[in-house]
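Structural description and commentary
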Amino acid sequence: MQVTINNSILELVEGDITKQDTGAIVNAANSGLRGGGGVDGAIHRAGGPQIMEECRKIGGCPTGSAVITTGGNLKARYVIHTVGPVYHGGDRGEAELLASAYRSSLKLASEKGISTIAFPSLSTGAYGYPLDEAAKIALKTVCDYLKEHPDIALARFVLFSADAYRAYEAVLRSILPQLST
Ligand code: ADP
């Protein structure tokens with residue numbers, strides 16, 4: 001599914017983020033940037049050791065922030081590492097931290113002149129964020145950013161399962177009327 005927001009494209013695809021040919025792909029990292037399972041492990045495996053070398057030099061990243069490294073052997077030139085919140089029930093600022101992780105990633109892309117970016121569904125794996133709630137925050141935050149930043153030509157969500165794709169698609173359809181205003 002694809003929608004246009006001003007002159008930018010917001011796209012949902014089902015697939016593997018390590019295969020994307022966008023200027024940057026976003027990693028669901030941990031605050032120590034030490035690598036892990038899930039999408040983080042997949043990105044380091046596919047991209048090679050150079051990415052971890054740069055992560056070690058950077059040292060860490062607070063929850064809700066983002067840092068950038070090379071894309072190593074990936075098609076994407078850069079990896080933006082952001083840290084979403086661990087879900088503890090929703091009353092520990094998780095929603096704002098999740099929105100901040102998306103916003104920080106987009107800001108970093110803008111600063112670096114990267115115009116195409118691919119996101120996984122942050123925090124919805126090991127970090128336990130309920131998929132539907134996370135999808136609402138993810139899509140609203142990215143849509144709001146695209147409205148004001150035409151420098152980002154394409155923001156793509158790469159959903160790893162049919163369930164995740166359907167959840168994002170349902171949310172995107174529900175907010176379509178707000179996008180045209
Ligand atoms: P977090 O710790 O932020 O929850 P995870 O990596 O555990 O991060 O999961 C985040 C989301 O990324 C999950 O929905 C998971 O299914 C998905 N995912 C895992 N591997 C990939 C991949 N190769 N491409 C895209 N999404 C992936």
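The rules behind each value
Residues numbered from 1 in each chain as written. Predicted model: local features only at pLDDT ≥ 70, side-chain atom pairs only at ≥ 80, totals over all residues. Heavy atoms only, no water. Helix = DSSP H or I, 4+ residues; strand = E, 2+ residues; numbered from the N terminus. Buried < 20%, exposed > 50% of the residue type's maximum accessible area, 1.4 Å probe, protein only. Phe/Tyr/Trp six-rings, centres within 6.5 Å; stacked < 30°, edge-to-face > 60°. Arc of directions from axis to C-beta. Contact = heavy atoms within 4.5 Å. Near = heavy atom within 4 Å. Polar contact = N/O pair within 3.5 Å; in protein donor to acceptor, adjacent residues only side chain to side chain. Pairing = 2+ DSSP bridges. Axes fitted to C-alpha atoms, helices over the stretch in contact; angles between N-to-C directions.

Digging into the environment of K19
You can see K19 is positioned in the loop between strand 2 (8-14) and strand 3 (24-28). Using a relative accessible area of 53% as the deciding quantity, one classes K19 as exposed. Sequence spacing of K19 and K75 is 56 residues, and the spatial spacing of their C-alpha atoms is 6.9 Å.

Quick look at the packing of aromatic side chains
Evaluated as defined, the whole model comprises five aromatic pairs. Summarising the aromatic geometry, the rings of Y87 and Y129 are spaced 4.7 Å apart at their centres and angled 55° between planes, so their arrangement reads as tilted. In this pair, Y87 is assigned in the loop between strand 5 (78-82) and helix 3 (94-112) and Y129 in the loop between strand 6 (116-119) and helix 4 (131-148), connecting sequence segments 42 residues apart. A network of ring pairs unites the aromatic residues Y102, F119, F157 and Y168 as a single cluster.

Quick look at helix 1 (residues 38-47)
Considered for burial, the residues of helix 1 that qualify are D40, G41, I43, H44 and G47. Looking straight down helix 1, one finds its buried side chains confined to an arc of 165°; they lie on one side. Among the exposed residues of helix 1, those oriented more than 90 degrees off its buried face are G38 and R45. Residues of helix 1 that are buried make contact with strand 3, helix 2 (49-58) and strand 5. Count one or two residues on from helix 1 and you reach G48, which has phi positive near 90°.

Things to note about the site of the ligand
The immediate surroundings of the ligand are formed by 15 residues, with D16, V39, S123, G125 and A126 found nearest. For the ligand, an oxygen atom lies 3.0 Å from a polar atom in the side chain of T124. Here an oxygen atom of the ligand sits 2.8 Å away from a polar atom, N or O, in the main chain of A126. Tallying contributions element by element places helix 1 first for the shell around the ligand, with three residues.

Notes on the pairing of strand 5
Counting buried positions along strand 5 yields four of five residues, so the element is predominantly enclosed. In the sheet, strand 3 pairs with strand 5 via five bridges, with the strands oriented parallel. The partner of A28 across the bridge, within strand 5, is T82. Where strand 4 (residues 66-70) and strand 5 come together, five bridges link them in antiparallel fashion. Following the sheet pairing, I68 is matched in strand 5 by I80.

Brief notes about helix 2
For helix 2, the full list of buried residues reads I51, M52 and C55. All buried residues of helix 2 lie within an arc of 95° about the axis, which places them on one face of the element. Residues of helix 2 that are exposed and point over 90 degrees away from its buried face: P49, R56 and K57. Packing partners of the buried residues in helix 2 comprise helix 1, strand 4 and strand 5. Taken from the residues just after helix 2, G59 is the one with a positive phi, measuring 95°.

Comments concerning the sheet that holds strand 6
Overall, mixed pairing links the seven strands, which are arranged 1-2-7-6-3-5-4 in an open sheet. The sheet terminates laterally at strand 1 (2-5) and strand 4, the two strands that pair on one side only. Across the sheet, the mean angle separating the axes of adjacent strands is 20° when strand polarity is ignored. Sheet analysis places strand 1 next to strand 2, joined by four bridges and oriented antiparallel. Considered in strand 2, the bridge of I5 is made with S8.

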